[in-house]
Amino acid sequence: MTEPAVSAGEDPRRYARLLSEVYDATMSGARPPARPRGVIGDSWKRVRAAGLVPDADAGPALGWMDVELGRQESGLGPVLEELTAGLAPLTADGDNILVVADRFGRVLWRSGSPRVLSHADRLGFVEGAGWAEEQVGTNAIGTAIASRTPVQIFSAEHFARSHHSWTCAGAPIRDVHTGHILGVVDVSGPAATVHPTTLALVSTVARLAEARLREAHLAGLERLRSVAAPMLAGLGRPGLAVDTNGWVAAVGDLPPRSRVALPSRLTGPSVRLPELGLCTVDALPGGWLLQPDPGDGPDTVTHVTMDLRRGRAPEIEVTGGGGSWRYQPSPRHLEILTLLADGAGRTAAQLADALFGDPGRVVTVRAEISRLRRVLSGVIAAQPYRFADGVSVELLR
């Protein structure tokens, strides 16, 4: 976990003066009296490389209809009440506001006392505002997304000068199955409210929200399975039931898999999927029943795009047959995929040597590969480990 911005026992006012000197020197190209924290220095480099200037104004906010659509698409609505209750100790006194943003850094919800909300309004910190690093510079929402870690920003650690009177602590909320960032929960307020325990509480509440979303996901799959399993047993032909995001709830007479790539809009009566070929589609409560055409077969080509460009979280996109889905890999899975992208197969020992400098750590490698293959079903082949035949790989660096 990222360290708090101000350590216990440190005088925030004295530290804010030092940060201001560090900021002014860094932005002018002079030698700073101290180095910024690593997460801040990295963020400043990203922001300056993107061409932002310290006095830039925030862009226009989304309209209320776009905000409402963003709320629905974020998937965070079911845990909003839990986030609010979990962070009430930080917002109840009226000195801080609670903000929930989506994976793009757009503010979807905020709550707090009128006094602090008015202060946030003057900063453009309103519902619909974009708070990604490339829009407003270093801040807890955008930097948590870019670094994929919880982060607390204090005073002149913010890139925008107008934010130096502010402090904020944000933690990403992830889809625990894919690692994909769903959004960020943030607590913000005047700089004088900074406290070293804020980051720990925000991070804990984010993890609890992830657990609740995982429970809801598994419960939804179980409900779908209870409906689909008897149907699949009576089909007399291969089929599988998936939820609306392609996660598999039940399989009949097909190899087991965790997920299939679905088109962004699936209505039926048939669809071509990269792993299954032409399938008939029937609606189920909370998902779909897919039945592969026995006279057809899987696509011969699946395309994997590895987006490793700077300034954004690494992302894997799997496409083929009109279907696509995205996955944000863990750092270890990203290392493995990058090693395999050159097309040369590798044994578990070779991967262990490349990853850890120890060819004996094959058990660890096999466990990681097993988890990776459950997510990227049909993409990674074994003996040796490699991208499967018919899978093309593109690296965006």
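Residues numbered from 1 in each chain as written. Predicted model: local features only at pLDDT ≥ 70, side-chain atom pairs only at ≥ 80, totals over all residues. Heavy atoms only, no water.

Caption draft 1: Focus on the packing of aromatic side chains. In total, this model carries 3 aromatic pairs according to the counting rule given. On the basis of an interplanar angle of 5 degrees and a centroid distance of 6.3 Å, the ring pair of Tyr-15 and Phe-154 is categorised as stacked. Taken together, the residues span a long stretch of sequence, with Tyr-15 in helix H1 (residues 12-28) and Phe-154 in strand E3 (residues 151-154) at a distance of 139 residues. Positioned above the aromatic ring of Phe-356, the side-chain terminus of Arg-361 is 3.9 Å from the ring centre. (Phe/Tyr/Trp six-rings, centres within 6.5 Å; stacked < 30°, edge-to-face > 60°. Helix = DSSP H or I, 4+ residues; strand = E, 2+ residues; numbered from the N terminus. Lys NZ or Arg CZ within 6 Å of the ring centre and 35° of its normal.)

Caption draft 2: Up close: the UniProt feature "domain: GAF" (unreviewed entry) in the protein. UniProt records the feature "domain: GAF" (unreviewed entry) for residues 110-212 in the present numbering. The span residues 110-212 carries 35% helix and 24% strand; its end-to-end C-alpha distance comes to 20 Å. (UniProt positions renumbered as here; feature names shortened; annotations may be inferred.)

Caption draft 3: Structural view of unusual backbone geometry. Across the junction of Gln-383 and Pro-384, the peptide omega takes the value -5 degrees, indicating a cis bond. Even without a glycine there, the phi angle at Arg-148 is positive, about 60 degrees. Mapped onto the fold, Arg-148 is located in the loop between helix H8 (140-147) and E3. Arg-148 gets classed as buried once you look at its relative accessible area, which sits at 15%. A positive phi angle is found at Gln-383, which is not glycine, with a value near 55 degrees. Tracing the sequence through the fold places Gln-383 in the loop between strand E14 (380-381) and strand E15 (386-387). Looking at Gln-383, the relative accessible area reads 78%, which means it is exposed. (Buried < 20%, exposed > 50% of the residue type's maximum accessible area, 1.4 Å probe, protein only.)

Caption draft 4: Just the sheet that holds strand E8 (residues 270-273), in detail. Here we have 5 strands laid out as an open sheet, ordered E7-E6-E10-E9-E8, and antiparallel in their pairing. Of all the strands in the sheet, the pair left with one neighbour each is strand E7 (248-252) and E8. Strand-to-strand twist across the sheet, computed as the mean angle between neighbouring axes with direction ignored, equals 30 degrees. Judged from the 6 bridges that link them, strand E9 (residues 277-284) and strand E10 (residues 287-292) form a sheet pairing that is antiparallel. Paired with Cys-279 across the strands is Pro-292, a residue of E10. Sitting on the sheet, helix H9 (residues 198-233) is in contact with strand E6 (239-243), E7, E9 and E10, with an inclination near 20 degrees to E7. (Pairing = 2+ DSSP bridges. Axes fitted to C-alpha atoms, helices over the stretch in contact; angles between N-to-C directions. Contact = heavy atoms within 4.5 Å.)

Caption draft 5: Quick peek at the domain arrangement of the protein. What the domain assignment reports for the protein is domain 1 (12-215), domain 2 (235-292) and domain 3 (302-395). With centres defined by C-alpha atoms, the gap from domain 1 to domain 3 works out at 32 Å. Contacts between the two partners involve 8 residues from domain 1 and, on the opposite side, 8 residues from domain 3. Here domain 1 and domain 3 share an interface that buries about 710 Å² over both sides, 50% of which is from carbon and sulfur atoms. The tally of links between domain 1 and domain 3 comes to 2 residue pairs in polar contact (both at pLDDT 80 or more). When the residues that make up the side of domain 1 that touches domain 3 are grouped by side-chain class, the tally is 2 nonpolar, 4 polar and 2 charged. (Domains from an automatic or database assignment. Buried area = accessible area lost by both parts, 1.4 Å probe. Polar contact = N/O pair within 3.5 Å; in protein donor to acceptor, adjacent residues only side chain to side chain. Nonpolar A, V, L, I, M, F, W, Y, C, P; charged D, E, K, R; others polar.)

Caption draft 6: Geometry of the nonpolar core. Core analysis: the largest hydrophobic core is formed by 39 residues, its most contacted members being Trp-44, Ile-97, Phe-125, Ile-141, Phe-154 and Trp-166. Listing elements by their share of this core, those giving two or more residues are H1, helix H2 (38-49), strand E1 (97-102), helix H6 (114-122), H8, E3 and strand E4 (166-174). In terms of residues, this core owes the most to one element, H1, which gives 6 residues. Counting 26 residues, the second-largest nonpolar core is a separate cluster that includes Val-304, Val-362, Val-365 and Ala-388. (Core = buried A, V, L, I, M, F, W, Y, C linked by side-chain atoms within 4.5 Å.)

Caption draft 7: Main features of the sheet that holds E1. Here 5 strands make up an open sheet; going across it, the order is E2-E1-E5-E4-E3 and the pairing antiparallel. Every other strand in the sheet has two partners, leaving strand E2 (107-111) and E3 as the edge strands with one partner each. With strand direction ignored, the average angle separating the axes of adjacent strands in the sheet is 20 degrees. When E1 meets strand E5 (residues 181-190), the two strands line up antiparallel, connected through 6 bridges. Residue pairing in the sheet places Ala-101 in a bridge with Val-184 of E5. Strand contacts of helix H3 (residues 64-74): E1, E2 and E5, with the helix running at about 95 degrees to E2, the strand carrying the most contacts. Here H8 sits on the sheet and contacts E1, E3, E4 and E5; the angle it forms with E5, its principal contact strand, is near 145 degrees.

Caption draft 8: Structural detail: the pattern of salt bridges. Throughout the structure, instances matching the rule amount to 19 salt bridges. One salt bridge in this structure joins Glu-335 and Arg-332, with 2.5 Å as the shortest N-O distance. Of the two residues, Glu-335 and Arg-332 both sit in helix H10 (residues 331-340), 3 residues apart, roughly one turn of that helix. Where salt bridges share partners, they join Glu-3, Arg-37 and Glu-157 into one cluster. (Salt bridge = Lys/Arg side-chain N within 4 Å of Asp/Glu carboxyl O.)

Caption draft 9: Local environment of the environment of His-333. The topology assignment puts His-333 in helix H10. Sequence separation of His-333 and Ala-348 is 15 residues, and the distance between their C-alpha atoms is 14 Å. When neighbours within four sequence positions are excluded, His-333 is seen to be in contact with Tyr-327, Glu-368, Arg-371 and Leu-372.

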